[in-house]
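# Fold and contact review
Listed below, chain by chain, are the residues.
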Amino acid sequence: MRRDLLDILCCPVCKGGLVLTVVEENDEEILEGSLLCEACGASYPICAGIPNLLPPGIE
Amino acid sequence: MKKVQQHYDDVAEIYDDRYDRDQGRYYHAHIREQIASRLPKGGFLLDLGCGTGLFIRQYVADGGRAIGLDISPKMVAKGKERYRQSEFVVGTADVLPFCDGTFDAAASLLAFSYVPRPAAMLDEVYRILRPGGSLALCTLGHNVFTSAVPFIYQVGEKVGLKKVGVGDFDEHYYNEAEICDLLESAGFVDISTKRCSFAHLALRGPVFKAARLVEPFVEEKIPYLAYNLCASAKKPER
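Only a predicted model underlies this, so the values are computations on that prediction, with no experimental measurement involved.

Scanning chain B for helices and strands turns up nine helices and seven strands. Looking at the 238 residues of chain B, the share that counts as buried comes to 57%. Sequence separation of at least 24 residues holds for 72% of the intrachain contacts in chain B that already meet a minimum separation of 6. About 10,400 Å² of surface is accessible on chain B, with carbon and sulfur atoms providing 54% of the total.

The next thing to look at is the layout of surface pockets. Of the pockets and cavities examined, the second largest pocket occupies roughly 230 Å³. When its residues are assigned to classes, the lining of the second largest pocket shows six nonpolar, three polar and four charged.

All right, on to helix α3 (residues 22-36) of chain B then. All names here are of chain B. Here α3 is 15 residues long and its end C-alpha atoms lie 21 Å apart, about the 21 Å a rise of 1.5 Å per residue gives. The element α3 is largely enclosed, with a buried count of eleven among its 15 residues. Looking only at α3, the buried set comprises Gln23, Gly24, Tyr27, His28, Ala29, His30, Ile31, Arg32, Gln34, Ile35 and Ala36.

Let us look at the UniProt feature "domain: Methyltransferase type" (unreviewed entry) in chain B. In this numbering, the UniProt entry assigns the feature "domain: Methyltransferase type" (unreviewed entry) to residues 46-136 of chain B. Annotation note: span residues 46-136 of chain B, helix share 32%, strand share 31%, distance between end C-alpha atoms 11 Å.

With that settled, consider the interface of chain A and chain B. Counting residues at the interface gives 22 residues for chain A, matched by 26 residues for chain B. Taking both partners together, chain A and chain B bury about 1,800 Å²; carbon and sulfur atoms supply 61% of that area. At the surface where chain A touches chain B, the tally comes to four salt bridges. Note that glutamate 124 of chain B and lysine 15 of chain A form a salt bridge whose closest N and O atoms lie 2.6 Å from each other. Counting across the chain A and chain B interface gives eleven residue pairs in polar contact (both at pLDDT 80 or more). Of the residues belonging to the side of chain A that touches chain B, the class tally is 14 nonpolar, two polar and six charged.

Moving on: the sheet that holds strand β1 (residues 18-25) of chain A. Sheet strands pair via backbone hydrogen bonds, and the direction of the pair is either parallel or antiparallel. Residue and element names in this part refer to chain A. One open sheet holds the four strands; their spatial order is β1-β2-β3-β4, and the pairing between them is antiparallel. The sheet is open, and its two borders are formed by β1 and β4 (50-51), each paired with just one other strand. As paired elements, strand β3 (residues 43-47) and β4 share two bridges and run antiparallel to each other. Bridging from a neighbouring strand, isoleucine 46 pairs with proline 51 of β4.

This paragraph deals with a nonpolar patch on the surface. All names here are of chain B. Side chains of Leu213, Val214, Phe217 and Ile222 sit close together on the surface and give an oily, nonpolar patch of about 400 Å² of accessible area. Note on placement: isoleucine 222 falls in the loop between α9 (205-221) and β7 (228-234). Note on isoleucine 222: relative accessible area 38%, which makes it partly exposed.

Residue and element names in this part refer to chain A. Considering the arrangement of structural elements, one finds alanine 42 in the loop between β2 (30-37) and β3. Spatially, the C-alpha atoms of alanine 42 and glycine 16 are 9.8 Å apart, while their sequence positions differ by 26 residues. Leave out the neighbours within four places in its chain, and alanine 42 touches Leu35, Leu36, Cys37 and Pro56.

This part covers the packing of helix α1 (residues 2-11) of chain B against helix α5 (residues 73-82) of chain B. All names here are of chain B. Close contact between α1 and α5 brings their axes to 7 Å; oriented N to C, the two are set at 45 degrees. With respect to each other, α1 and α5 are oriented oblique. Within the contact between the two elements, α1 uses Gln5, Tyr8 and Asp9 and α5 uses Pro73, Lys74 and Met75. A per-class count over the contact of α1 with α5 returns three nonpolar, one polar and two charged.

Let's shift gears to the environment of leucine 54 of chain A. Residues and elements named next belong to chain A. Mapping leucine 54 onto the fold places it in the segment after β4. Residue classification places leucine 54 among the buried residues on the basis of a relative accessible area of 3%. Between the C-alpha atom of leucine 54 and that of glutamate 29, which follows or precedes it by 25 residues, the distance is 21 Å.

What counts and what doesn't
Residues numbered from 1 in each chain as written. Chains lettered and ligands numbered in written order. Predicted model: local features only at pLDDT ≥ 70, side-chain atom pairs only at ≥ 80, totals over all residues. Heavy atoms only, no water. Helix = DSSP H or I, 4+ residues; strand = E, 2+ residues; numbered from the N terminus. Buried < 20%, exposed > 50% of the residue type's maximum accessible area, 1.4 Å probe, protein only. Contact = heavy atoms within 4.5 Å. Areas by Shrake-Rupley, 256 points an atom, 1.4 Å probe, with all protein chains shown as cover. 1 Å grid on protein atoms, 1.4 Å probe; cavity = no way out; pocket = protein on both sides within 12 Å on 5 of 7 lines; lining within 4 Å. Points joined across faces, edges and corners; volume = space filled by probe spheres on them. Nonpolar A, V, L, I, M, F, W, Y, C, P; charged D, E, K, R; others polar. Expected span 1.5 Å × (residues − 1). UniProt positions renumbered as here; feature names shortened; annotations may be inferred. Buried area = accessible area lost by both parts, 1.4 Å probe. Salt bridge = Lys/Arg side-chain N within 4 Å of Asp/Glu carboxyl O. Polar contact = N/O pair within 3.5 Å; in protein donor to acceptor, adjacent residues only side chain to side chain. Pairing = 2+ DSSP bridges. Patch = residues over 30% accessible without salt bridge, like charges linked within 9 Å, V, L, I, M, F, W, Y side chains within 5 Å. Axes fitted to C-alpha atoms, helices over the stretch in contact; angles between N-to-C directions. Parallel < 35°, antiparallel > 145°, perpendicular 65-115°, else oblique.

What follows is the structure in structure tokens.
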């Protein structure tokens, strides 16, 4: 995912803002990392450039 | 939804063989045209249940920007591999991970029938659309042909048939009144529906050709025989 995608993403469960942690990125986008909800503490992985924002329990 | 997710992960590799080749390509393109004609061109679109990104390809080619969301990680991986300029997200349509008022348009092709909480999905779509934004969806419609389909799929599963879109997923076949009620309850306005699809990709070649010829007539004059249902609506300006 590109960094600017973060501007429109929110936590699917509580709609809180997400904090990005990058593990690996290239010139274009973030390849591996995670998105942490500041409000409810839920964490969502980014794998192979795709964020997985399924609510916890459904993934 | 776990079963739907598993199914589409299993068929991600062969999905486009069904919907982007031969009869399937015509069938899917016809639905895409119906949806595209109900949405503003050149806007920012969310495709709910985007699969391998077939509608995203079209919307972007027509000058728009698009994000695809699907419950199947393998389907969105296929989409991302092909359409690098668009973003793809794994998620479920009834709990959306996007901020309020983000999109000009929302589309959903052949996915709504599988959503277990359709009212929740429409509430969420309403939330992520900007005021005046448009939604267009195409779902399985209830008619004389489709009423037998769940039974056929149950039998298919029992005999181990593994094909794209074939399985008993508790899918719901909608009629016009149901879909209008759902859209109205979510707050949408300018609601309209239209039956589409008579030439089914599973028909044998000559029968498919004949069905394709009469398809516009069926959709217009005997819509009850068309088995998909398109619906479109708007979020009020204020």
